[in-house]
Amino acid sequence: ADGRFKLPPTACRMNVIVGLLIIFLAGLVSGLFTTPARFTVGWEWENFWMIYSIFGLFVCPWALALLTTDAVDILPHIAGADLFHVIASGFGWGIGSVTFGLGCAYVGDSLAFAIILGLCATLGTAVPMLILSPADAGKRVGIFTWAGIGVVCIGLYLLAKAGANKEKDQQRAKAQSRSEAEPLIGGGINSEPPKSSDKEPKSFAVGLLICFVSGVFSGLMNVGLTLGGDITDEAAARGASSINKKNLAWALVISSGFIPNGFYSAYLLCKNNTWSNFSKGSLNQRLKNVGLGALMGVLWYSGNFVYGAGASGIGLLGTVVGWPVFMVSMVLSSTIVSVMSGDYNGVSGLTVKYLVAGLLTIFAATIIVAVGSL
């Protein structure tokens, strides 16, 4: 066999369809992982991110790997270079995860999402394809995958426009509300217009650079899973099922990403003196907050585990054609939750049009990738 992506007519095509549907569902689950943070009380970002990181990036992946594979026996049979590549990719993805939050703080959520997820979808697809089957890059499956990624980027741009317009609409509404509440004569100290800062352009440029770094590094998760092929094969040879054979590779990639996430959370906890938040409030409230943080981790890892299972069902290029679908469904579910939570209340009709157009566009991208896989 030449290693290229070839599908017999019926059975394997059905495997691809089922696999992509599973991956789409996985993305919907992963896209919900930040929702529990909305319900924490008295915690800052670094508090719930630390708990999420412990459970989602360490406890869950290693618990599942140890329960479903002979991890202790498998690792000594893996070449040191292969282990290094997998761990390094996971560590790089962890850097991308941390800088994602920084990028949002610098340039806003909407633009950050568009840049980071666009790069993540592109590089997380292109690199595995070039590793696994470069001959397919110019064939049907490759052409449709590149086209799907292009459509994803267009959709993310439209969602970024919706997000930017939403912020402007809401700021305009707040300003109008304040002006109506002020006295007719003399607006007080709050009537003074905000002073411009010479540092804003530089901060925005730094933010764009951070978003670029995050987008490049975030795609390394899928690269690490792809480079863990020998680990997956060894697990399968030792009896791991098709659903569980990627679990050890996942554990190595994701737990390597725990290092920068955990370190940065700890840094913020020390810098902002927010360690004490873990001991504030009633016992029930503290347990609820920890439970919500743990639920974030469980939701996130569950989605990634299901993604790995769906990719295994597709075959050789499962991590290639599945990755953009996974990214798209994550954006869909997170955006829907945002709308249902009232984040888009009171916005203009133009903003709604951008939002709907963006969602329909990225959904169309999944259809393009799926058609190219059949």
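Note that the coordinates shown come from a computational prediction; the quantities given were computed from them, not determined experimentally.

A few words now on the overall build of the chain. Per the secondary structure count, the chain includes 13 helices and zero strands. Element order for the chain, N to C, with α for helix and β for strand: α-α-α-α-α-α-α-α-α-α-α-α-α. Across the 374 residues of the chain, 46% fall into the buried class. Within the chain, counting contacts between residues at least 6 apart in sequence, those at least 24 apart form 87% of the total.

Grouped together as the largest cluster of nonpolar side chains are 66 residues, with contacts concentrated most on Ile231, Trp300, Tyr307, Phe326 and Met327. Counting residues per element, this core draws most heavily on helix H12 (residues 318-340), which supplies nine residues.

Moving on, we get to the pattern of salt bridges. Oppositely charged side chains can pair when the atoms bearing their charge come close. As enumerated under the stated definition, the model contains two salt bridges in all. One salt bridge in this structure joins Glu234 and Arg238, with 2.9 Å as the shortest N-O distance. Exposure remark for Arg238: the relative accessible area of 33% places this residue in the partly exposed category.

Once that is clear, we can look at the packing of aromatic side chains. With the rule as written, the count across this model stands at 16 aromatic pairs. Aromatic side chains Trp250 and Tyr307 sit 6.1 Å apart centroid to centroid with 65 degrees between the ring planes, which places their arrangement in the edge-to-face category. Of this pair, Trp250 sits in helix H10 (residues 247-271) while Tyr307 is found in helix H11 (residues 283-314), placing the two residues 57 residues apart along the sequence. When sorted by exposure, Trp250 lands in the same class as Tyr307, which is buried. Arranged with centres 5.9 Å apart and planes meeting at 45 degrees, the rings of Trp323 and Phe326 form a pair that is tilted. One end of the pair, Trp323, and the other, Phe326, are both in helix H12, three residues apart, so they sit about a helical turn from each other. Overall, the relative accessible area of 1% leaves Phe326 in the buried class. By the ring-pair criterion, three or more aromatic residues cluster together here, those being Phe33, Trp45, Trp49, Tyr52, Trp93, Tyr264, Tyr267 and Trp300. Seen from the ring of Phe144, Arg140 lies directly overhead, with NZ or CZ sitting 4.8 Å from the centre. The ring of Tyr344 is capped by Lys166, whose NZ or CZ atom sits 5.0 Å from the centre of that ring.

Moving on to H10. Under the 1.5 Å per step criterion, the end-to-end length of H10 is 35 Å for 25 residues, consistent within 8% with the ideal 36 Å. Just downstream of H10, Asn273 is the residue with a positive phi angle, here 55 degrees.

Thresholds applied
Residues numbered from 1 in each chain as written. Predicted model: local features only at pLDDT ≥ 70, side-chain atom pairs only at ≥ 80, totals over all residues. Heavy atoms only, no water. Helix = DSSP H or I, 4+ residues; strand = E, 2+ residues; numbered from the N terminus. Buried < 20%, exposed > 50% of the residue type's maximum accessible area, 1.4 Å probe, protein only. Contact = heavy atoms within 4.5 Å. Core = buried A, V, L, I, M, F, W, Y, C linked by side-chain atoms within 4.5 Å. Salt bridge = Lys/Arg side-chain N within 4 Å of Asp/Glu carboxyl O. Phe/Tyr/Trp six-rings, centres within 6.5 Å; stacked < 30°, edge-to-face > 60°. Lys NZ or Arg CZ within 6 Å of the ring centre and 35° of its normal. Expected span 1.5 Å × (residues − 1).

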